[in-house]
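Understanding the architecture of this molecule
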Amino acid sequence: MIGSDYKNLEISLEAVHDAGVRELELAGDYYAKTTAQLKSIVQSHGLRIVSNHFGPRGLNLPNPWMTYEGRMQIFEDAQTLGKFPYVGTGSALGFPGGDTSEGMKARAEKFNECGEHAVSQGFGGFFFHNHDREFTLENGVPIYNTLLEHTDPRYVKFEVDLGWVSVAGEDPYWWIKEHGDRFIAFHIKDIKWDPNGNRTAAAGTRAGGKKFRFADVGKGDIDWTRALSAIKDLRDYRFFLEHDDAGDVTLNPPGPANTVWRGCSTLDGINTAGRK
């Protein structure tokens, strides 16, 4: 909706507010504005920025989390944008380790370092946002377990993308039920298993090689009532609507504005009270 030239920024903010959104998470882009300018514009539309995916948005780009100076800039931006409770990243790009159990141990060590630094600067800690490949199986066990086991709960939390969890062939309900105390937020996005889909689940996961496409929340295969009923108190978490292909008119003909409206409507109609 915003557009590559950012001309529709304010129109888009008005639209998502009208749909029922009140809090935003950025994807590392300030839309050619300073952090102070962006915060002011967002607030003028009755919204607030509560999170961002700090770090590189592509391969071979420097990762600010890897240096003291880079982290301090992240912390400064987070304070200016909205005094974020947590600071984190949307991918493992630029971090040590790889998609193996041993790789996750190396990654966890760096996450602990980032989290300890964040706490020392007044934040609740560092968070990591997953994709499907973090659920690659080793001896039948997802390597995400290694990441949970080797990160310090005092410093590292997780923003769990339930769409990617489902793409990996995992059960969102189970992961929330078992590890919800380590989670602070969820990306809510839907998927539709489709042999002609434009996406493929990561190799090595339970659903590895299976074709799918993203869908508006409520139009896919995820049972949101069941998944979210694993949460003891919904007020303990934040929920960010997402659709990775929302802006592609071929893949999402109703358009991104409809994606937001449909997502808010679906979540507003969920009652998890009877499914504990």
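Basis of the calculations
- Residues numbered from 1 in each chain as written.
- Predicted model: local features only at pLDDT ≥ 70, side-chain atom pairs only at ≥ 80, totals over all residues.
- Heavy atoms only, no water.
- Axes fitted to C-alpha atoms, helices over the stretch in contact; angles between N-to-C directions.
- Helix = DSSP H or I, 4+ residues; strand = E, 2+ residues; numbered from the N terminus.
- Parallel < 35°, antiparallel > 145°, perpendicular 65-115°, else oblique.
- Left-handed = near helix turned anticlockwise from the far one by under 90°.
- Contact = heavy atoms within 4.5 Å.
- Nonpolar A, V, L, I, M, F, W, Y, C, P; charged D, E, K, R; others polar.
- 1 Å grid on protein atoms, 1.4 Å probe; cavity = no way out; pocket = protein on both sides within 12 Å on 5 of 7 lines; lining within 4 Å.
- Points joined across faces, edges and corners; volume = space filled by probe spheres on them.
- Phe/Tyr/Trp six-rings, centres within 6.5 Å; stacked < 30°, edge-to-face > 60°.
- Buried < 20%, exposed > 50% of the residue type's maximum accessible area, 1.4 Å probe, protein only.
- Expected span 1.5 Å × (residues − 1).
- Core = buried A, V, L, I, M, F, W, Y, C linked by side-chain atoms within 4.5 Å.
- Pairing = 2+ DSSP bridges.

A few words now on the packing of helix α2 (residues 35–44) against helix α3 (residues 68–82). It is the contact of α2 with α3, at a shortest axis distance of 8 Å, that shows an interaxial angle of 25°. The angle between α2 and α3 places the two elements in the roughly parallel class. Two packed elements cross with a definite hand, and for α2 against α3 that hand is right-handed. Listed contacts from α3 to Thr35, Ala36, Leu38 and Lys39 of α2 are Asp77, Thr80 and Leu81. In terms of residue class, the contact of α2 with α3 is built from three nonpolar, two polar and two charged.

Approximately 210 Å³ is the volume found for the second largest pocket. Residue lining of the second largest pocket: 16 residues in total, with Pro85, Tyr86, Ile184, Ala185 and Arg238 positioned closest to the centre. Those elements that place two or more of their residues in the lining of the second largest pocket are β2 (48–52), β8 (183–188) and β12 (238–241). Here the element with the most residues in the lining of the second largest pocket is β8; it accounts for three residues. Along the lines of polarity and charge, the residues of the lining of the second largest pocket split into nine nonpolar, two polar and five charged.

This paragraph deals with the packing of aromatic side chains. Geometry of an aromatic ring pair is reported as the spacing of the ring centres plus the angle between the planes. For the coordinates displayed, the defined rule picks out 21 aromatic pairs. Where Phe95 meets Phe126, the ring centres are 6.2 Å apart and the plane angle is 65°; that geometry is what we call edge-to-face. Here Phe95 is found in the loop between β3 (87–89) and α4 (101–120), whereas its partner Phe126 is found in strand β4 (residues 126–129), with 31 residues between them in sequence. Each member of the pair Phe95 and Phe126 is classed as buried.

For α3, built from 15 residues, the straight-helix expectation of 21 Å at 1.5 Å per residue is met to within 8% by its first-to-last C-alpha distance of 21 Å. Against β1 (23–26), α2, β2, β3 and α4 lie the buried residues of α3.

Counting 67 residues, the largest nonpolar core has Leu38, Trp65, Val87, Tyr144, Phe158 and Phe186 as its most contacted members. Ranked by residue count, the leading element in this core is α4, at five residues. Core analysis: the second largest hydrophobic core is formed by five residues, Val50, Ile184, Ala185 and Phe240 among them.

Strand order in the open sheet made by the three strands is β9-β11-β10, with antiparallel pairing throughout. Because the sheet does not close on itself, it has two edges, and the strands there are β9 (190–193) and β10 (199–200). With four bridges connecting them, β9 and strand β11 (residues 211–215) associate as antiparallel partners. Along β11, the bridge assignment pairs Trp193 with Phe212.

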